[in-house]
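Fold and contact review
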Amino acid sequence: MTLRRTLAIARKQFLTLRHDKRTLALMLVAPVMAMLIFGFAFGSSAKHVPVVVVNEDRGATAGKIVDALDHDVLAIATSSDLAGAKAAVDRGDKVAVLYFAPGFTADASPQTHLQMVPGKAPAVQVLPPKGAHAQLYVDTTNQELAGVVMAQLPAAAGKLAAAAGQKSPINFDNQYAFTRAKNATTTDSLVPGIIAFAITVFTTLLTLLAFVGERTSGTLDRLRVTPATEAEIVLGYELAFGVIAAVQGGLLLTVALLVYHVLIVGPLAVAALVVVLTAIDAQAIGIVVSAAARRESQAVQFIPFIIFPTFLLSGIFVALSSLPDWLRPFSYLLPPTWAIQALRDVLLRGWGLDHVWPQILVLLGFAIIFTTGAIVGLKRSRA
Amino acid sequence: MNTIQLERVEKQFGAFRALNGLSLRVQQGELYGLIGPNGAGKSTAIKIMVGLQRATGGTAKVLGYGPQDPQVRGLLGYMPQETALYPDLTVTENLDLFGRLYGIEKEERQRRIAELLGLVNLSDWAATVVTNLSGGMQHRTSLAVALLARPKLLILDEPTVGVDPELRASFWAHFDRLRQEGTTILITTHYMDEALRCERVGLINHGQLVAEGTPAELMKQVKVQTLEEAFLAFAGRNKANTEVSA
Ligand SMILES: Nc1ncnc2c1ncn2[C@@H]1O[C@H](COP(=O)(O)OP(=O)(O)OP(=O)(O)O)[C@@H](O)[C@H]1O
Ligand SMILES: [Mg+2]
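Residues numbered from 1 in each chain as written. Chains lettered and ligands numbered in written order. Predicted model: local features only at pLDDT ≥ 70, side-chain atom pairs only at ≥ 80, totals over all residues. Heavy atoms only, no water.

Here's the deal with the overall build of chain A
Which entries qualify depends on this criterion: Secondary structure elements follow DSSP: runs of H or I no shorter than four residues count as helices, runs of E no shorter than two count as strands, and numbering proceeds from the N terminus. Computation of the radius of gyration draws on C-alpha atoms, with the globule rule given as 2.2 Å multiplied by the number of residues to the power 0.38. Each residue is assigned to one of three classes by its accessible area relative to the maximum for its type, calculated with a 1.4 Å probe on protein chains only: buried under 20%, partly exposed between the two thresholds, exposed over 50%. Working rule for contacts: check all heavy atoms of both residues, and any pair within 4.5 Å makes them a contact. The method behind every accessible area is Shrake-Rupley, applied with a 1.4 Å probe, and residues are considered shielded solely by the protein chains displayed. The positive count covers Lys and Arg only, the negative count covers Asp and Glu only, and His and the chain ends enter neither. Charge placement uses NZ in Lys and CZ in Arg. For Asp and Glu, CG and CD serve respectively.
Counting its secondary structure elements, chain A contains 15 helices and 6 strands. Relative to the 2.2 N^0.38 estimate, which gives 21 Å for 383 residues, the radius of gyration of chain A is 30 Å and therefore markedly larger than a compact globule would have. Summarising its shape, the C-alpha atoms of chain A cover approximately 115 × 50 × 40 Å along the three principal directions. Residue burial in chain A is summarised as follows: out of 383 residues, 43% are buried. Sequence-distant contacts in chain A: of pairs separated by 6 or more residues, those separated by 24 or more amount to 79%. Carbon and sulfur atoms make up 64% of the accessible area of chain A, which totals about 19,500 Å². Between the mean site of the 30 positive side-chain charges and the mean site of the 24 negative ones, chain A shows a separation of 8 Å.

Structure follows, in C-alpha cells:
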C-alpha cells in the first residue's frame, strides 16, 4: 500500500467537487439548512398559544393570575361569553378557555366567621380558604400546545404567591454540576446531535451515490486494474470525506455560534476528532451498502434506512433512557449515538480526551470494523 | 511464453453459463482479435483476463501469473467496453489520476498525457469535463487511459466503437506501432476490416472458441472470400450445433 495512491484517490474526490458544484453545494448548504431547520423548529419553545380568559371573579385574584401568565407564550384574549369561548375551542380556533367563577377571590381567601354565641361577646373565627378552582377547558389533540397551557397556570400561581411574600413550606434549590452550562437551552443540547446527524446522513448519502457511480460506470473496475488496491481506494475516500466532514463540522459550529450563540466550552480539537471519526464510520457504511444497489435510483431507496434510525435512535431528540428496553441495544450499534454523546460532553460539559476516550475508542472501533468490511466487500466483488 | 493462456475456462452466472470451456492462447508480441456475436462472452473472457472476475472453472494465466495476482496489476492496460471515466473530471484530470495510480512521475506523466492527447486528437479538449464530450471523444479518452502506463499487454474491449474513420485509421496505425515495439495486444471488435488487420483471430460463440487462425485461414476453412462470410458461417454453424446438442 502506498500513501501516494491513497492521496491520488482523495485528490480525485476534491477535483470532482470542483467541477460538480451541485454536490459541493449539497455538502455545504444542506447540513447548514438541517441545522437551521432543526434548531429553530425544535429549539424554540411554543409561542403565542391562543387562549381565551373568561374572568367573572368579583375580586382581584383572578386578574392578578392572568397578569402573571407569560404573555409571550400565551396569546390571551378576554371574553365574557363562556359558552362562546368554549365553542371557539371546539371549532379548533383556540387551544383553551380559562374560566374564573365569580367567587374565585372569595374562595381563595381565608374564611372569616363572626361567631355569635349567646351570652358571649361576638368573636371572629378564621378558617383556611375554601379553595378556589379555576376551570381550564382545553384541547389536548396537540399535546405540545396543551402542555404549555397547563404548565402556565401553576407557574403563574407560584409567581403570585412569591410576589405576595408567602413562603412555601418546601423549597428546591438548584446547584449546577457544569456551571458554564447553567443556562444551557434546548438548542444548546440539540446542536451536538444535529452535527452528528448531518455528518452521518450526508456523508453516507454522498459516499453511497459516489460508489454506486464508481461501480456502474466501470471506473471502479478500471481502478482495480491499476496497482491501486482496495484498501488504498477505501482509505483514499475516507481521507477525502474525513476532511470534508471536518469542514462541514466547522461550518455547522460557526453557524450555531452566530445564529444561536450556542455554548461551546470544550476543546474544539477533540470535537473535530469525533466529527472526523463519525464521517469515516458513515463513509464506510456507505461503501458497504453501495454493493447492494445496482443503480443510483436504487441507492436512493436506502436513504430512509439511514435517516430514520439515526434520527430516532441515536439520542438527538429522544434520550436513550426513554427508549424501550428492546430497542436500546440497536442505539448502541449506531456510530452517531456515540458521536452525539461525545460531542455533548465536549461542547457543553467541557470535557476533553481524558473523559471522552471511551466514546472515541468505540467510534474508532466502528471505523476499523466498517472499513475492513468495505475493503473485504470490494475484494469479494471480484468474483 | 504465452502472454495470455486460457484453458477450458468456464464462467457461470447463476444458471447461465457465459463461458463454456473457452481455451485460447495469445503469444507475446501478437496482435490478437477476438470476434463473435453479441453476448458470445468476449467481455466476460476479458474481465477474467484482467482479474475483475474469477473463472468458475478452468485456468487462466496472464503474463505468467494468475489474473488476480497483484503482480499483474500495472503490467497490463485495459480499456473496458463501457466508457468508464469520471464524468466530472476533465480529460487531463482523468488521465492524470490514472497516471498517479500507476506511479508515473510528474514530468513523465505530463509528457505522456500531452502525447496521448495528440494521438486521440483531443489536445484542444484537454480541459473539458468528460460529461461535455461527445460519445466518440469519451471513447478516445478511455483509450488514452489504457495506453498511459505503456503496458506490455494491452486488452482493449471494442476500442473503436463510435470513433470516426479517420481516427480509427490512426488508432490502428498506433496499434501496429505498439506491436512492433513488442506490446502484446488483444482486441475485440465487430468491424471485420479491423479483424483482418489482426495476426490471428479467435471467433467465440456461446462461450466457446469455434474457430481460430489467421484471417486467411478462417476464410479458407469455410471457403469464402470475406471475413464477414466466415463470421456468419462459423457463428451459424455453432448455433446449429448447440441446438442439436441441447
Ligand atoms: N454479471 C453478469 N450476470 C449475469 N449474466 C451476465 C453477466 N455478465 C455477462 N452476462 C451474460 O454473459 C453473456 C456474455 O456477455 P459478454 O458481455 O461477455 O458478451 P460480449 O461477447 O462481450 O457481447 P457484446 O459483443 O455485446 O459486447 C451475455 O449473455 C450476458 O448476458
Ligand atoms: Mg462485450
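Some thoughts on the environment of Pro102 of chain A
Residues and elements named next belong to chain A. When you line up the elements, Pro102 lands in the loop between strand E3 (96–100) and helix H5 (104–108). Take Pro102: its relative accessible area is 29%, and that puts it in the partly exposed class. Note: C-alpha distance between Pro102 and Leu7 (95 residues apart in sequence) is 80 Å. Contacts of Pro102, omitting those with residues within four sequence positions, involve Glu56, Asp57 and Arg58.

Side note on the interface of chain B and chain A
Our working rule: Buried area is understood as the total, over both parts, of accessible area removed when two parts are fitted together, assessed with a 1.4 Å probe. One speaks of a salt bridge when a side-chain nitrogen belonging to Lys or Arg is within 4 Å of a carboxyl oxygen belonging to Asp or Glu. By the criterion applied in these results, polar contacts are pairs of N or O atoms within 3.5 Å in which, for protein atoms, one can donate a hydrogen and the other can accept it, and in which residues neighboring in sequence qualify only through two side-chain atoms.
Listed as interface residues are 36 residues of chain B and, on the opposing side, 28 residues of chain A. When chain B packs against chain A, close to 2,700 Å² is buried across both sides, 56% of that on carbon and sulfur atoms. The three residues of chain B that bury the most area against chain A are Leu52, Arg73 and Leu101 of chain B, which together make up 28% of that side's buried surface. Summed over the shared surface of chain B and chain A, the number is 4 salt bridges. Asp96 of chain B is paired through a salt bridge with Arg11 of chain A; the nearest N and O atoms lie 3.3 Å apart. Put simply, chain B and chain A have 12 residue pairs in polar contact (both at pLDDT 80 or more) between them. Within the residue set of the side of chain B that touches chain A, elements represented by two or more residues are strand E5 (76–79), helix H2 (91–101) and helix H4 (135–147) of chain B.

Observations concerning the environment of Gln53 of chain B
You can see Gln53 of chain B is positioned in the loop between helix H1 (42–49) and strand E4 (57–62). Looking at Gln53 of chain B, the relative accessible area reads 17%, which means it is buried. Considering only alpha carbons, one finds Gln53 of chain B and Pro67 of chain B, 14 residues apart in sequence, at a separation of 9.0 Å. Those residues in contact with Gln53 of chain B, other than ones at most four positions away along the chain, are Arg382 and Ala383 of chain A together with Lys11, Phe13, Thr44, Lys47, Ile48 and Gln68 of chain B.

Section: the side chain of Thr6 of chain A
All names here are of chain A. Following the sequence through the fold, Thr6 ends up in helix H1 (residues 3–19). The exposure class assigned to Thr6 is buried, which follows from its relative accessible area of 6%. Within the structure, the side chain of Thr6 is placed 3.1 Å from the backbone oxygen of Thr2, a separation counted as a polar contact.

Some words on the coordination of the magnesium ion (ligand 2)
In plain terms, the rule: Note that water is not among the atoms considered, so a metal site may appear incomplete; the donors listed are N, O and S atoms within 2.8 Å of the metal, with 3.2 Å applied to Na, K and Ca.
The magnesium ion (ligand 2) binds to the protein through Ser43 of chain B (OG) and Gln81 of chain B (OE1); the donor distances cover 1.9 to 2.1 Å. Residue Ser43 of chain B is found in helix H1, and its partner Gln81 of chain B is found in the loop between E5 and H2; the two are separated by 38 residues along the sequence.

Section: the packing of aromatic side chains
For the record, the criterion: Note on aromatic pairs: the rings of Phe, Tyr and Trp (six-membered ring only in Trp) are paired at centre separations within 6.5 Å, and the planes decide the class, stacked below 30 degrees, edge-to-face beyond 60, tilted for the rest.
Following the criterion strictly, the structure yields 15 aromatic pairs over all chains and no others. Where Phe40 of chain A meets Tyr260 of chain A, the ring centres are 5.2 Å apart and the plane angle is 70°; that geometry is what we call edge-to-face. You can see Phe40 of chain A sitting in helix H2 (residues 21–43) and its partner Tyr260 of chain A sitting in helix H9 (residues 230–260), a full 220 residues away along the chain. Its relative accessible area of 14% is what places Tyr260 of chain A among the buried residues. Ring centres 6.5 Å apart and planes at 55° place the aromatic pair Phe171 of chain B and Phe175 of chain B in the tilted group.

As for the nonpolar core
How we decide: By convention a nonpolar core is built from buried Ala, Val, Leu, Ile, Met, Phe, Trp, Tyr and Cys residues, the set being connected through side-chain atoms within 4.5 Å.
Counting 74 residues, the largest nonpolar core has Ile233 of chain A together with Leu95, Phe98, Leu101, Leu156, Phe175 and Ile185 of chain B as its most contacted members. Ignoring any residue separated from it by four or fewer positions in sequence, one finds Leu101 of chain B in contact with Arg5, Ala8, Ile9, Leu223, Thr226, Pro227 and Ala228 of chain A. The next biggest cluster of nonpolar side chains, apart from the first, holds 39 residues, and it includes Ile194, Ile195, Ile199 and Val201 of chain A.

Structural notes on H1 of chain A
Counted only if it meets this: Expected span, for any helix, means 1.5 Å times one less than how many residues it has.
For H1 of chain A, built from 17 residues, the straight-helix expectation of 24 Å at 1.5 Å per residue is met to within 8% by its first-to-last C-alpha distance of 25 Å. Every buried residue of H1 of chain A is listed here: Arg5, Thr6, Ala8, Ile9, Ala10, Lys12, Gln13, Leu15, Thr16 and Leu17 of chain A.

Describing the sheet that holds strand E2 (residues 16–27) of chain B
Residue and element names in this part refer to chain B. Spelled out, the test is: Strands qualify as paired when DSSP identifies two bridges or more between them. Here an axis means a line fitted to C-alpha atoms, over the contact stretch when the element is a helix, while the angle between two N-to-C directions is reported on a 0 to 180 degree scale.
In space, the 3 strands of this open sheet follow the order E2-E1-E4, with antiparallel pairing throughout. Two strands close off the open sheet at either side, each with one partner strand: E2 and E4. Each neighbouring strand pair of the sheet contributes to a mean axis angle of 15°, computed without reference to strand direction. Bridge analysis of strand E1 (residues 2–13) against E2 gives 9 bridges, and the strand direction is antiparallel. Opposite Ile4, over in E2, you have Val26 as the bridge partner.

With respect to the side chain of Arg5 of chain A
Within the fold, Arg5 of chain A resides in helix H1. Aside from chain neighbours lying at most four places away, what touches Arg5 of chain A is Pro227, Ala228 and Glu232 of chain A together with Arg100 and Leu101 of chain B.

Section: a nonpolar patch on the surface
This is how it is decided: Patch building starts from residues that exceed 30% relative accessible area and form no salt bridge, then joins like charges within 9 Å and nonpolar side chains (Val, Leu, Ile, Met, Phe, Trp, Tyr) within 5 Å.
On the surface, Leu3, Leu7, Phe14, Leu28, Val29, Met33, Ile37, Leu239, Val243, Val247 and Leu251 of chain A cluster together to form a nonpolar patch covering roughly 930 Å² of accessible area. Of all the secondary-structure elements, those providing two or more residues to the nonpolar patch are H1, H2 and H9 of chain A.

Considerations on the site of ligand 1
Residue and element names in this part refer to chain B. Worth spelling out the cut-off: One heavy atom suffices: a residue is near a molecule or strand as soon as one of its heavy atoms comes within 4 Å of it. Residue polarity follows a fixed list, in which Ala, Val, Leu, Ile, Met, Phe, Trp, Tyr, Cys and Pro are nonpolar, Asp, Glu, Lys and Arg are charged, and the others, Gly among them, are polar.
The local shell around ligand 1 holds 14 residues, among which Asn38, Gly39, Lys42, Ser43 and Thr44 are the closest. Lys42 has a polar side-chain atom sitting 2.7 Å from an oxygen atom of ligand 1. His190 places a polar side-chain atom, nitrogen or oxygen, 2.9 Å from an oxygen atom of ligand 1. Here ligand 1 has 640 Å² of accessible area as a free molecule, and 63% of this is covered by the chains. If you list the elements that add at least two residues to the shell around ligand 1, you get E2 and H1. Top contributing element to the shell around ligand 1 by residue count: H1, with 3 residues. In terms of residue class, the shell around ligand 1 is built from 5 nonpolar, 7 polar and 2 charged.

Let's talk about the confidence of the model for chain B
Residues and elements named next belong to chain B. We count it as follows: One confidence number per residue, pLDDT, is output by the predictor and ranges from 0 to 100.
Across chain B, pLDDT averages 91, with 96% of residues at or above 70. Mean pLDDT across the elements of chain B bottoms out in helix H8 (residues 227–245) (68) and peaks in H2 (97). Confidence drops under pLDDT 50 across residues 240–246; counting only partners more than four residues distant or on other chains, this segment forms 1 contact. Interface confidence in the predicted complex, given as ipTM, is 0.91; pTM for the same model is 0.84.

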